[in-house]
Structures are given as C-alpha cells and as structure tokens.
Amino acid sequence: MHPRSPERKTVAAQKPPEPTALAIVAVILANVALAFGPWFVRLADVGPVSSAFWRITLAAPLLAGTALATGWRPFGANGANLSRLLWGMIALGGICFAADLGSWHLGILRTTLANATLFGNCAILMFPIYGFLVARAWPTRIQGIALALATAGAILLMGRSYQLDSRHLAGDMLCLLAGVLYTAYFILMARARTTLAPIPALALSTMASVLPLLIFAQALGEQMWPTHWGPLIGLALVSQVIGQGLMIFALGKLPPLVVGLALLVQPMVAATIGWSVYGEKLGLADLFGASLVAVALVLVSRRARD
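Calculation notes
- Sequence order as written defines residue numbering, which begins from 1 separately in each chain.
- Local features in this predicted model are restricted to residues of pLDDT 70 or higher, and side-chain atom pairs are both shown and tallied only at a pLDDT of 80 or more, whereas totals for entire chains, interfaces and linings draw on every residue.
- No hydrogens and no water enter the side-chain calculation; it runs on all heavy atoms of the structure.
- Helix numbering and strand numbering both begin at the N terminus, where a helix is a DSSP run of H or I of at least 4 residues and a strand a DSSP run of E of at least 2.
- Think of it in three bands: residues with accessible area under 20% of the maximum for their type are buried, residues over 50% are exposed, and the middle band is partly exposed, with areas taken using a 1.4 Å probe on protein chains only.
- In what follows, a contact means two residues having at least one pair of non-hydrogen atoms within 4.5 Å.
- Shrake-Rupley sampling with a 1.4 Å probe provides the accessible areas, and residues are treated as covered by the protein chains on show and by no other component.
- Helix axes are fitted to C-alpha atoms over the stretch in contact, other axes to C-alpha atoms as well, and angles between N-to-C directions run from 0 to 180 degrees.
- In these notes the angle categories are as follows: under 35 degrees is roughly parallel, over 145 is roughly antiparallel, 65 to 115 is roughly perpendicular, and the rest is oblique.
- Whether a crossing is left-handed or right-handed is set by the direction in which the near helix is turned from the far one by less than a right angle, anticlockwise for left-handed and clockwise for right-handed.
- Residues were grouped as follows: Ala, Val, Leu, Ile, Met, Phe, Trp, Tyr, Cys and Pro as nonpolar; Asp, Glu, Lys and Arg as charged; and all remaining residues, including Gly, as polar.
- Within this scheme, the nonpolar core is defined by two criteria: the residues are buried Ala, Val, Leu, Ile, Met, Phe, Trp, Tyr or Cys, and they are joined through side-chain atoms within 4.5 Å.
- Multiply 1.5 Å by the residue count of a helix minus one, and that product is the helix's expected span.
- Bend at a given residue is defined as the angle between two axes, one fitted to the seven residues that end at that position and one fitted to the seven that begin there.
- Lining residues are those with an atom within 4 Å of a point, where the points come from a 1 Å grid over the protein atoms alone and group into cavities, where a 1.4 Å probe fits but cannot get out, or pockets, open sets with protein on both sides within 12 Å along at least five of seven lines.
- Grid points are joined across faces, edges and corners, and a volume is the space filled by probe spheres set on the points.

Trainee: What exactly am I supposed to notice about the overall build of the chain here?
Mentor: Broken down by element type, the chain carries 14 helices and zero strands. Each helix (α) and strand (β) of the chain, taken in turn from the N terminus, gives the series α-α-α-α-α-α-α-α-α-α-α-α-α-α. Among the 306 residues that make up the chain, the fraction classed as buried is 50%. Within the chain, contacts between residues separated by at least 24 positions form 89% of all contacts whose residues are at least 6 apart in sequence. By element, 69% of the accessible surface of the chain is carried by carbon and sulfur atoms, the whole surface being about 13,900 Å².

Trainee: Looking at this structure, how should I read the packing of helix α2 (residues 21-34) against helix α11 (residues 230-251)?
Mentor: Any two packed helices are characterised by the angle at which their axes cross and by the distance between the axes. Here α2 crosses α11 at 150°, and the two axes come no closer than 8 Å. Considering their axes alone, α2 and α11 lie roughly antiparallel with respect to each other. Helix-helix and strand crossings are classified by hand; for α2 and α11 the assignment is left-handed. Across from Leu-22, Ala-23, Ala-26, Val-27, Leu-29, Ala-30, Asn-31, Ala-33 and Leu-34 in α2, the residues of α11 making contact are Val-238, Ser-239, Ile-242, Gly-243, Gln-244, Leu-246, Met-247, Phe-249 and Ala-250. Grouping the amino acids of the contact of α2 with α11 by side-chain chemistry returns 14 nonpolar, four polar and no charged.

Trainee: Help me understand the nonpolar core in this model?
Mentor: For soluble globular proteins, nonpolar side chains are generally found buried alongside one another. Ranked by size, the top nonpolar core spans 77 residues in total, and within it Tyr-182, Tyr-185, Phe-186, Leu-213, Met-247, Leu-254 and Leu-261 carry the most contacts. In terms of residue count, the dominant contributor to this core is helix α5 (residues 84-108) (ten residues). Aside from chain neighbours lying at most four places away, what touches Met-247 is Val-27, Ala-30, Asn-31, Leu-34, Tyr-182, Phe-186, Val-259 and Leu-263.

Trainee: Mind showing me how you'd approach α11 here?
Mentor: Count 3.6 residues to each turn of an α-helix, and residues three or four apart come out pointing the same way. An ideal rise of 1.5 Å per residue puts 32 Å on 22 residues; α11 measures up with 29 Å between its terminal C-alpha atoms. Of all the bends found along α11, the most pronounced is centred on Gln-244 and spans about 30°.

Trainee: It is not clear to me how empty space enclosed by the protein should be interpreted in this structure. Could you clarify?
Mentor: Rolling a probe over the atoms, with the probe sized like a water molecule, indicates the empty space that remains. Applying the stated criterion to the full structure yields one cavity of 30 Å³ or more. Roughly 90 Å³ of volume is contained in the largest cavity. Element by element, the count of residues in the lining of the largest cavity is highest for α5, at four residues.

Trainee: Would you mind going over the side chain of Ser-50 with me for this structure?
Mentor: Within the secondary structure layout, Ser-50 lies in helix α4 (residues 48-69). Owing to a relative accessible area of 0%, Ser-50 belongs among the buried residues under this scheme. For Ser-50, the residues in contact, after removing those within four places along its chain, are Ala-217, Glu-222, Gln-223 and Met-224.

Trainee: So what exactly am I meant to see when it comes to the environment of Leu-257 here?
Mentor: Considering the arrangement of structural elements, one finds Leu-257 in helix α12 (residues 256-262). Each C-alpha atom, one on Leu-257 and one on Ala-146, is 9.4 Å from the other, the two residues being 111 residues apart in sequence.

Here it is in structure tokens:
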C-alpha cells in the first residue's frame, strides 16, 4: 500500500487547497460545458432518465480507457492504495450522482433551462458551507460579500423566469432535490480526490452510476433506445467527459467556496441557450444578476491569489 503523504493529510483535514489560475479556468470551462446538458436532454428522443443512463454509459468506456492509458490500474501497484473506505466513497458518490441526474433530467422537462440549471446547482451555497464547517472557520469579509452578491444574483437569475409560469414548481422541486444530491456527490468526490487522480476518480464514479440509472429508467417504463444518437453523444462527451472531467480536476485544486460560486456560470450560460433556442427571454434583472455573479467570482479568485 502506498501511504498518503503528510502534506496531503494536512490539506484534507485542516485547510482547503490554494487555488491556481489553471484550476479557476478549468472550473469555469467545466460549468460552461455542463450548461449545455439540459439542451441535449430536451433534444433527445428517449425518456429523461434514459438520457441520463446513456450519458453515463457512453462516457464510461472512454473515461476508463483514458484512465488506463495514463498508467493507472484499479488493482496492483497503482491501485493498491484504494482502501475499502475509498472504494465505498466512490461507489456512494456514483449512486448519488445517478440519483442527481435522474431527478434533474425529470425536472429539466418541467421548467425553464435557467431554472433547471440554477436549482440543480444549489450546491452553490451548500458546498461552500460544507467547506467552512470542515475548515472550522467563518468566511472572511470578502468571502461573505461574494456569497451575498452570488445569492442576490442567483435570485435575480431565477426570479423573472419563475414568475412567468407557476407550473414550473414541480420541475423546480425535482431540480432542487438534484442539487442536494449533487452536493453530496461533490463532498464524496472532493474527499476521494485527496488520494486519487481526477480521471480514475471520474471513471470509477461514472461506472458506479450506470446500473442505478438503468434500474430507474426501467422502473419508470421509459423509452430506452434512441432513433437519433446525436444529442446523447453530445450529452456524454460535452457534459460527462469534458464538463465533469474538468470539474473533478478542479475539486482537487480549489476550495469549496470557489467551486460553489463557479456553479453560477451554468445558469448564466443555460439562460443564454434558452433565450436563443427556445425564446426564454432575458431581461434586465437576468443581466444584472449575471453581473453580480461575475463580480462575486472575481472577488473570491483575486482574494485567493493575494
């Protein structure tokens, strides 16, 4: 067994990692890629949970092959440091991610793209709170201001589209449930990333999500086999391989506050897609909310580098 280095133990137990410019760029690009997920789900000609199943199933072989190509092995010399606790953490993370995707994809078809993405990423606040609890520290003044700006921006981003149609409530609640499960996935994978490289961690959690999603889709009686594979391939490559790949990389490099605030990039991009494709118009409130989010991200990223 290869023991963890003392430095990694200290980072995992006492304080979050220090952000780097590369990690900040990665988490922003991750959220841009992930924002296209709801659009691909709407375009797919299978059930919403079935589209989540294909997102995972199509991505799993590519991620597993990439992990193996880097020289990583789940057993033997490179995999011997995978304790039972770590295996269990990754498996539970995969199950949480499967439940997150299932709930989110059901909600996507019942609300606007902006609302689905915003509620589905309520880890915006929950994941930073987890980070402060682990660090046993209150947020600094700058961090508090950034959180307040981001919260106000999030309310503005969702407020206008929600008021247009109260029938979005069921979809919003499903997406909110997905956001809670997404937070649990983040927590588990952030801990796994203290000892495991990003691609192997994502490959293992992705494979752990396949069977739960298959069972869920079958239980709902959804159509499983598509006529057109394009949206599902796009969902797998853009959302799972690129989006989650960059996100898992960033989880090992950034504190929860930065990761949480960066999630607000998703509803900004999703709102733009909804406006350009489905006529889900943007107003001054949406644009002002997006600008507040941008200011919050600049504050935490600059503060982290000072």
